[in-house]
Amino acid sequence: MPKFSWHTCAVPEGLPVRQVYGFLFVTDGRVLLRVDGKKHTLPGGRPEPGEVEYRDILRRESMEEVTVDIDEPHYLGYQCVDDGISPYAQVRMAAVISKVHPPAPDPDSGRTYRRLLVHPGKVGDLLAWGETGYLQATAAAEAAVEVFGLPSDGLPDTGDL
């Protein structure tokens, strides 16, 4: 069983990054989750050959999966996945959505995902990633207020984008 740990420092040299996911906020402070059936997750994915900048990966994946443009992303940290063989990093970032496009199929899967806006306090429960998921969601909610200046109180609970 893999072990997961959350780190707010830079990804160490030599630890491969296999995933870049983003907590994407709308200006009222809610977070966009990608919904596939009954599974909630964040927009994001794997780096493609030649991609090294986390912000570029997140921008591409945000457009492909949930058809949104984002402002400059903010690095939150990474989750280390230690599978006992070859540990790797899953980078987490936060960004504000700058433009919403009509839903479209993801070029990788061909599926059009539902886009759900949720209160930041509900993200940890919906992602169901355990303790490290709650730590990531908390870091994102703090960045929304401290870095992006978004509101944190009086937010609606949920709604479709």
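Everything below is about the structure shown above.
Quick caveat: nothing in here was measured; it's all calculated off a predicted structure.

**A short note on the overall build of the chain**
Broken down by element type, the chain carries three helices and ten strands. Ordering the α and β elements of the chain from the N terminus gives β-β-β-β-β-α-β-β-β-β-α-α-β. Along the first, second and third principal axes, the C-alpha set of the chain runs to 45 × 35 × 30 Å. Here the chain, with 161 residues, has 45% of them falling under the buried criterion. For the chain, the proportion of contacts with a sequence separation of at least 24, taken over those separated by at least 6, is 71%. A total accessible area of about 8,100 Å² is found for the chain, and carbon and sulfur atoms account for 52% of it. Computed over 16 positive and 24 negative side-chain charges, the separation of the two mean positions in the chain equals 6 Å.

**Structural notes on unusual backbone geometry**
The phi dihedral of T67 falls on the positive side, at around 45°, and the residue is not glycine. Note on placement: T67 falls in the loop between α1 (54-66) and β6 (68-70). Located in the positive-phi region is A128, a residue other than glycine, with phi close to 55°.

**Focus: the pattern of salt bridges**
Taken as a whole and judged by the stated rule, the model has ten salt bridges. Residue R60 pairs with E48 through a salt bridge whose shortest N-O separation is 3.2 Å. Here R60, found in helix α1, pairs with E48, found in the loop between β5 (44-45) and α1; they are twelve residues apart in sequence, far enough to count as distant. The exposure class assigned to E48 is partly exposed, which follows from its relative accessible area of 34%. Between E53 and R55 there is a salt bridge; the shortest N-O distance is 3.3 Å. On the basis of relative accessibility, which here comes to 33%, the residue R55 falls in the partly exposed class.

**Points about the nonpolar core**
Grouped together as the largest cluster of nonpolar side chains are 21 residues, with contacts concentrated most on F23, F25, V31, L33, L76 and V123. Those elements that provide at least two residues to this core are β2 (17-25), β3 (31-36), β8 (88-100), β9 (114-118), α2 (120-127) and α3 (130-146). Here the element with the most residues in this core is α3; it accounts for five residues. Excluding anything up to four places from it in sequence, L76 contacts W6, H7, T8, F23, R92, M93, A94, A139, A140 and A143. With 19 residues, the next largest nonpolar core counts L32, Y78, A89 and V91 among its residues.

**Structural notes on the packing of aromatic side chains**
Scanning the entire structure with this criterion turns up two aromatic pairs. Ring centres of Y21 and W129 lie 6.2 Å apart, and the angle between their planes is 35°; this geometry places the pair in the tilted category. Within this pair, whereas Y21 is found in strand β2, its partner W129 is found in the loop between α2 and α3, the two being separated by 108 residues in sequence. On the basis of relative accessibility, which here comes to 24%, the residue W129 falls in the partly exposed class. For the ring pair Y54 and Y75, a centre distance of 6.1 Å and an interplane angle of 20° mean the geometry is stacked. You can see Y54 sitting in helix α1 and its partner Y75 sitting in strand β7 (residues 74-82), a full 21 residues away along the chain. You can call Y75 partly exposed: its relative accessible area is 25%. For R18, the ring lying beneath its charged end belongs to Y88, and the centroid distance is 4.2 Å. Sitting above the plane of the Y113 ring, R34 keeps its charged end 4.0 Å from the centroid.

**Section: the environment of H119**
The residue H119 is located in the loop between β9 and α2 in this model. Looking at H119, the relative accessible area reads 22%, which means it is partly exposed. Counting along the chain gives 18 residues from H119 to A137, while the straight-line C-alpha distance between them is 11 Å.

Cut-off values and rules
Residues numbered from 1 in each chain as written. Predicted model: local features only at pLDDT ≥ 70, side-chain atom pairs only at ≥ 80, totals over all residues. Heavy atoms only, no water. Helix = DSSP H or I, 4+ residues; strand = E, 2+ residues; numbered from the N terminus. Buried < 20%, exposed > 50% of the residue type's maximum accessible area, 1.4 Å probe, protein only. Contact = heavy atoms within 4.5 Å. Areas by Shrake-Rupley, 256 points an atom, 1.4 Å probe, with all protein chains shown as cover. Lys, Arg positive; Asp, Glu negative; His and termini not counted. Charge placed at Lys NZ, Arg CZ, Asp CG, Glu CD. Salt bridge = Lys/Arg side-chain N within 4 Å of Asp/Glu carboxyl O. Core = buried A, V, L, I, M, F, W, Y, C linked by side-chain atoms within 4.5 Å. Phe/Tyr/Trp six-rings, centres within 6.5 Å; stacked < 30°, edge-to-face > 60°. Lys NZ or Arg CZ within 6 Å of the ring centre and 35° of its normal.

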